[in-house]
Amino acid sequence: MGSGKVTSTVSSMVKGKHVTVAGLGVSGVPAAKVLHGLGAHVTVVNDGADERARAQAAELEALGVTVRLGDGATLPEGTDLIVTAPGWKPDKPLFTAAREAGLEIWGDVELAWRLRGPDAAPWLCVTGTNGKTTTVQMLASMLHAAGLRTAAVGNIGVSLLDAVLGEERYDVLAVELSSYQLHWAPSLRAHSAAVLNLAPDHLDWHGSMEAYAADKGRVYEGNRVACVYNAADKATEELVRAADVEEGCRAIGFTLGTPAPSQLGVVDGILVDRAFVADRHKNAQELAEVTDVNPPAPHNIANALAAAALARAFGVPPTAVRDGLRDFTPDAHRIALVGDLDGVAYVDDSKATNTHAAEASLAAYDSIVWIAGGLAKGATFDELVAKSAKRLRGVVLIGADRALIRDALARHAPEVPVVDLDRTDTGAMLAAVREARRLAITGDTVLLAPACASMDMFANYNKRGDAFAEAVRELGAGA
């Protein structure tokens, strides 16, 4: 990783300073290496001391970085600055001590932002409870279709530090940001940004819905061109109203209905722009057809509109929006059709790990056999079930907290058949798909949209989706 783009101001800010990096992992290790390369005296502290942590520690210690495993609570003596992994909670004793000492605390995004050179690519940022990764990938596809040098980076898995300090030069970056990352990035000032939606999530980390929303809203601070909000989610619009932006920055809405001026929306199956056109009170620009969105589920059309709004804010022409959508292929386990057996579609949306995501997934189909359950993470399911009840042909429940969904079904959809599989082993997925097949009739969709985390049964949502797809294949082969 090169550092030729780093400004002398930032280099002098950390050179010779004692910087404590909180946490190893995918963000801590690169941050420690960058800071060490800039001449800082780096100490990494980490709560855990497992095999992976020891291997990462050995790698850093070989460079001359000090690593303290199993002690993430104590502030190292002489610390001038803390750079934290995004997942570390603000109430940790280490941060309390740092604040009492008057120290700044940066996240990896803040570090990357400050390390940008004078000719750095502008950032188009996306956050929200659900849909971030898909929207950022759609945006990057549109930017690429416009001939721009770009990359999808941030919480999507590609390090912002790599993008900022690497040898490749970009015209613009499509940046996915989590609420954790935004909490620790007070200096971030995007070209344009979008908050896709807001629903309760990670409240154990943030402490309250208000704090969670406020951290999401940080993405709008200092925006230069456009603050993109969801017209169907008033909380996102309120975040725009509360933001301190540059003079001339515009509020741009997106809607699944007919757009008002300064909005993007849908008219007769066409995605249209009434924001970045001449005389937007009278005119609209056609961007793409709904059928250009893959898949054309309502929440995915909303993602496409948000991506289009950011692309248009950056000057991308309508043809590139269309071509970018046509070229886009969604990641696995995001409302992906994995098979069709006897006229029944089998759809994997294992990424729907909370109720908000599951609600959007369920809204995409008319008659559903729903496979749900897992770790609820403190969620309740009454609202989800009440909104989705009329679409349910049947439900198959798996996982540790399935009783919470079963009870909500008894209250709000008592007529819907429910199969409660009392098992949390990985083999339960094959049994669940068999039961779903028994309940389904021609024209139905068997939908894995668990509304829960996966770790009670699977290593992650990817493994859960893989198990679903494998079970469908087994049934198709006559198992």
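Residues numbered from 1 in each chain as written. Predicted model: local features only at pLDDT ≥ 70, side-chain atom pairs only at ≥ 80, totals over all residues. Heavy atoms only, no water.

Peer 1: Looking at this structure, how should I read the packing of aromatic side chains?
Peer 2: Ring pairs (aromatic) are described by centroid distance and by the angle formed between their planes. For the structure on display, the rule yields 3 aromatic pairs. Three or more aromatic residues link up through ring pairs in this structure, and these residues are Trp-88, Phe-95 and Trp-184. (Phe/Tyr/Trp six-rings, centres within 6.5 Å; stacked < 30°, edge-to-face > 60°.)

Peer 1: Would you mind going over the packing of helix α2 (residues 25-37) against helix α3 (residues 51-61) with me for this structure?
Peer 2: The angle between the axes and the distance between the axes are what describe a pair of packed helices. Where α2 contacts α3, the two axes come as close as 11 Å, and the packing angle between them is 10°. Classed by the angle they form, the pair α2 and α3 counts as roughly parallel. Contacts between α2 and α3 involve Gly-25, Val-26, Val-29, Ala-32 and Lys-33 from the first element and Arg-52, Gln-56, Glu-59 and Leu-60 from the second. Classifying every residue of the contact of α2 with α3 by side-chain character gives 4 nonpolar, 2 polar and 3 charged. (Axes fitted to C-alpha atoms, helices over the stretch in contact; angles between N-to-C directions. Helix = DSSP H or I, 4+ residues; strand = E, 2+ residues; numbered from the N terminus. Parallel < 35°, antiparallel > 145°, perpendicular 65-115°, else oblique. Contact = heavy atoms within 4.5 Å. Nonpolar A, V, L, I, M, F, W, Y, C, P; charged D, E, K, R; others polar.)

Peer 1: Can you walk me through the packing of helix α17 (residues 428-439) against helix α18 (residues 461-476) in this structure?
Peer 2: Interaxial distance between α17 and α18 falls to 9 Å at its minimum, and their mutual angle equals 55°. As far as their axial angle goes, α18 and α17 are oblique. Judged by the twist between their axes, the crossing of α17 over α18 is right-handed. Listed contacts from α18 to Met-429, Leu-430, Val-433, Arg-434 and Arg-437 of α17 are Arg-464, Ala-467, Phe-468, Ala-471, Val-472, Glu-474 and Leu-475. When grouped by side-chain class, the residues that make up the contact of α17 with α18 number 8 nonpolar, no polar and 4 charged. (Left-handed = near helix turned anticlockwise from the far one by under 90°.)

Peer 1: Just checking my understanding: could you explain α17 for this structure?
Peer 2: Given 3.6 residues per turn, any residue in an α-helix points the same way as the ones three and four places further on. Between its terminal C-alpha atoms α17 stretches 17 Å, which fits the 16 Å expected from 12 residues at 1.5 Å a residue. Along α17, the positions that sit buried rather than exposed are Ala-428, Met-429, Leu-430, Ala-431, Ala-432, Val-433, Ala-436 and Leu-439. Contact partners of the buried residues in α17: β16 (344-348), β17 (368-372), β18 (392-397), β19 (418-420), β20 (445-448) and α18. (Expected span 1.5 Å × (residues − 1). Buried < 20%, exposed > 50% of the residue type's maximum accessible area, 1.4 Å probe, protein only.)

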